Amino acid sequence: MLLAGGQGTRLGVLTQDVAKPAVPFGGKYRIIDFPLSNTINSGIETIGILTQYQPFELNQYIGNGQPWDLDRLNGGAFVLPPYQRGKVGEWYKGTANAIYQNINFIDRYNPDYVLILSGDHIYKMDYSEMLDAHKANNADCTISVLNVRLEEASRFGIMNTYDNNEIFEFEEKPKKPKSTKASMGIYIFTWEKLRDYLIRDEENKDSSNDFGKNIIPMMLKDKQRMFAFEFKGYWKDVGTISSLWEANMDLLNTGSGINLNDRNWKIYARNTAEPPQFVGENGVISNSIVSEGCDIDGKVTNSIISHGCTIAKGAEIRDSIIMPNSTIGANARICHAMVGWSSTIGENCVIGAPQVAPVNGEWNIAVVGPEMDLPKNSVVKEGEMIGGNKQ
């Protein structure tokens, strides 16, 4: 069950008209492509995708699941928006309520175990290894955790465990963390047990109907068998402009731990047919990802240029992300910036400025929203966001 209904307000203009999982990533992907690809690569063939905020783009993108080999007669991909029961309909009130509203869908398949995922993280993970650990521990719930630095632990939900990884305490963003095992928001439950707790949680009118705030603490209080599963690979929550920019830039760093060229673990996506990219006589590209259908006649350094983009003569793109079908005018200067999809940047525009290091953990990325037409000679300062209601 893939939770993909988040609004992603911290991404500002990028999520005013689309859900966060539908935001472009890495030149030719959407954020949701990563958990979707992980599921099929892990041998999971029945996936419920729970949408809510601005669902049209995401629903259209997922379609029948064909790009991820999920167009199947038995199982496959199912988009599950909130729906009306009898005369009463309601939005998903929280992560647990979203699963509760789809109990009948899950019961159709009568599973022994249910995997709960978030649709807005960038990572590659074999969930079958986590399921094997869940079975070996005879667990009621297994929670994937990532060891973070102690100074960062206060930003996460922290799982405190015994030596055998059995969880005895969960602390949400503790001021003085006792461990560094941060919850990744990836859960495996024994379905019979989870089903009971979802019903009990829904009956509690004071509940937030959330896994982290309600279901997990309730199960711990009842001394259910709960274990942490330590994940050692690359994982990034791309919930802010700074973290989304960082995750894109990690694709250009061979030592970052994220490799999209791994033929044994492909990331699948729905891509429109595009011609090959063309690099003109003035085009210069260095340490960058340039996707299909691009026309490059400027200078691109340490950047990601999504499919269908045009970079005019004299333009310089550095440490930036240009999202699909955007046009960068002649002699424009773009640095430490993000340009939304289908935007036109006029001649001689200056967007962003060079930065040496993040300030208080955050990069001051300049952002131009989707479908913007920026007049020539415009200036967008570092950390500034324009477009839509942010203009």
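Refer to the structure presented above.
Residues numbered from 1 in each chain as written. Predicted model: local features only at pLDDT ≥ 70, side-chain atom pairs only at ≥ 80, totals over all residues. Heavy atoms only, no water.

**Side note on the nonpolar core**
Thinking step 1. Leu14, Ile32, Ile49, Ile186, Leu244 and Met338 are the most contacted members of the largest nonpolar core, which totals 64 residues.
Thinking step 2. Per element, the largest residue contribution to this core is five residues, and it comes from helix H8 (residues 241–250).
Thinking step 3. Contacts of Ile49, omitting those with residues within four sequence positions, involve Leu2, Ala4, Ile32, Leu36, Ile62, Ala77, Phe78, Val79 and Leu80.
Thinking step 4. By size, the runner-up hydrophobic cluster in this structure holds 32 residues, among which are Leu50, Leu80, Ile143 and Ala228. (Core = buried A, V, L, I, M, F, W, Y, C linked by side-chain atoms within 4.5 Å. Buried < 20%, exposed > 50% of the residue type's maximum accessible area, 1.4 Å probe, protein only. Helix = DSSP H or I, 4+ residues; strand = E, 2+ residues; numbered from the N terminus. Contact = heavy atoms within 4.5 Å.)

**A word on the sheet that holds strand E20 (residues 299–301)**
Two orientations exist for strands paired in a sheet by backbone hydrogen bonds: parallel and antiparallel.
Thinking step 1. Spatially, six strands are ordered E17-E20-E23-E26-E29-E32 in an open sheet, and the strand pairing comes out parallel. Each having just a single partner strand, strand E17 (284–286) and strand E32 (379–380) make up the two edges of the open sheet.
Thinking step 2. The pairing of E17 with E20 spans three bridges and is classified as parallel. Bridge pairing in E20 places Ser286 opposite Thr301. (Pairing = 2+ DSSP bridges.)

**Examining the pairing of strand E12 (residues 167–172)**
Thinking step 1. The pairing of strand E11 (residues 157–161) with E12 spans five bridges and is classified as antiparallel. Looking across to E12, one finds that Asn160 is bridged to Glu169.
Thinking step 2. Between E11 and E12, which follow one another and run antiparallel, lie five residues, and Asn165 among them has a positive phi close to 75 degrees.

**Describing helix H1 (residues 33–41)**
Thinking step 1. Of all the nine residues making up H1, eight are buried; the element is thus mostly covered by neighbouring parts of the structure.
Thinking step 2. Buried within H1 we find Asp33, Phe34, Pro35, Leu36, Ser37, Asn38, Thr39 and Ile40.
Thinking step 3. Residue Gly43 follows H1 closely and has a positive phi angle near 85 degrees.

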